[in-house]
Amino acid sequence: MKDLKSIIFFDGICNLCNASIDFVMQRDNKAHFLVGALQEDFSKEILSKYEVKEDYLDSLVLLEDGEIYYKSTAALKIAKHLSGLWPALYLLIVLPKFLRDPIYNWIGSNRYRWFGKKSTCRLPTPAEKAKFLSRETIDQTGIKMDS
């Protein structure tokens, strides 16, 4: 059986988030991830099937093996699957969230001020289309959608 892909949901108007998605896609050599903007209707439709914190839909959410992860936990779980030395960061998962998440929160609360934001969500280039969440790629995740 083919490995199922995890989904990274990101803030599609955040410049830092978009740069981070570019970073992940360049290092996702095993094609472990699909990515989707949190503002997109299809992303919202998928997330509605899970108990996602409503006030958290403006940042990073990882859906992996049927579980939702947020903040530093999501970032570390993503790093675990990247090429290069990035998986070594996963060792930080042993630190409790109360130590990891304040740093994540500080960056997250300043991201628009420091990096700016777009007026609309990012659209994938033709080369990126297979890496973006869509009705055509959702079958790679094992999630069943109503027709």
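To start, this report covers the structure provided alongside it. Everything numeric in this text was worked out from a predicted model, so none of it was measured.

### So, unusual backbone geometry
Now for step 1: Of note, the phi angle at Asp-65 is positive, near 50°, even though the residue is not glycine.
Now for step 2: Positionally, Asp-65 belongs in the loop between β3 (61-64) and β4 (67-70).
Now for step 3: One non-glycine residue with positive phi stands out, namely Lys-71, at about 50°.
Now for step 4: Here Lys-71 lies in helix α3 (residues 71-79).

### Let's talk about the packing of helix α1 (residues 15-27) against helix α4 (residues 97-115)
Now for step 1: Following both chains from N to C, one finds α1 and α4 inclined at 100°, their axes separated by 8 Å at the closest point. As judged from the angle between their axes, α1 and α4 are roughly perpendicular. On α4, the residues that touch Asn-15, Leu-16 and Cys-17 of α1 are Ile-107, Arg-111 and Phe-115.
Now for step 2: Residue composition of the contact of α1 with α4, grouped by class: four nonpolar, one polar and one charged.

### A look at the packing of aromatic side chains
Now for step 1: A full pass over the atoms with the stated rule returns three aromatic pairs.
Now for step 2: Considering the side-chain rings of Phe-23 and Trp-86, the 4.9 Å spacing of their centres and the 85° angle between planes classify their relative orientation as edge-to-face. Within this pair, whereas Phe-23 is found in helix α1, its partner Trp-86 is found in the loop between α3 and α4, the two being separated by 63 residues in sequence.
Now for step 3: The class for Phe-23 is partly exposed, based on a relative accessible area of 27%.
Now for step 4: The exposure class of Trp-86 is partly exposed, given its relative accessible area of 35%.

### Describing the pairing of β4
Now for step 1: Side chains Ile-68 and Tyr-70 project from β4 onto a buried face, and the interleaved Glu-67 and Tyr-69 project onto a face without burial.
Now for step 2: Sheet topology places β3 next to β4; four bridges connect them, and they run antiparallel. Residue pairing in the sheet places Leu-62 in a bridge with Tyr-69 of β4.
Now for step 3: Linking two consecutive strands that pair antiparallel, namely β3 and β4, is a turn of two residues; a positive phi of about 50° is found at Asp-65 within it.

### Comments concerning the nonpolar core
Now for step 1: Ile-8, Phe-10, Phe-33, Val-35 and Ile-78 are the most contacted members of the largest nonpolar core, which totals 18 residues.
Now for step 2: Elements that contribute at least two residues to this core include exactly β1 (6-10), α1, β2 (33-37) and α3.
Now for step 3: In terms of residue count, the dominant contributor to this core is α1 (four residues).
Now for step 4: Leaving out residues up to four positions away in the same chain, Phe-33 has contacts with Lys-5, Ser-6, Ile-8, Val-24, Asp-28, Leu-62, Lys-77, Ile-78, His-81, Leu-82 and Lys-131.

### Quick look at the sheet that holds β4
Picture the strands of a sheet paired through backbone hydrogen bonds; they go either parallel or antiparallel.
Now for step 1: Overall, mixed pairing links the four strands, which are arranged β2-β1-β3-β4 in an open sheet. Bordering the open sheet on either side are β2 and β4, each of which pairs with just one other strand. Averaged over all adjacent pairs, the angle separating strand axes in this sheet is 20°, with direction ignored.
Now for step 2: In this fold α1 packs onto β1 and β2, with an angle of close to 155° to the strand it touches most, β1.
Now for step 3: Against the sheet, α3 engages β1, β2, β3 and β4, with an angle of about 110° to β4.

### Here we look at the environment of Lys-117
Now for step 1: Within the fold, Lys-117 resides in the segment after α4.
Now for step 2: In sequence terms Lys-117 and Ile-8 are 109 residues apart; their C-alpha atoms lie 19 Å from each other.
Now for step 3: The contact partners of Lys-117, leaving out residues within four places of it in the chain, are Ile-13, Cys-14, Asn-15 and Tyr-112.

Scoring rules and cut-offs
- Residues numbered from 1 in each chain as written.
- Predicted model: local features only at pLDDT ≥ 70, side-chain atom pairs only at ≥ 80, totals over all residues.
- Heavy atoms only, no water.
- Helix = DSSP H or I, 4+ residues; strand = E, 2+ residues; numbered from the N terminus.
- Axes fitted to C-alpha atoms, helices over the stretch in contact; angles between N-to-C directions.
- Parallel < 35°, antiparallel > 145°, perpendicular 65-115°, else oblique.
- Contact = heavy atoms within 4.5 Å.
- Nonpolar A, V, L, I, M, F, W, Y, C, P; charged D, E, K, R; others polar.
- Phe/Tyr/Trp six-rings, centres within 6.5 Å; stacked < 30°, edge-to-face > 60°.
- Buried < 20%, exposed > 50% of the residue type's maximum accessible area, 1.4 Å probe, protein only.
- Pairing = 2+ DSSP bridges.
- Core = buried A, V, L, I, M, F, W, Y, C linked by side-chain atoms within 4.5 Å.

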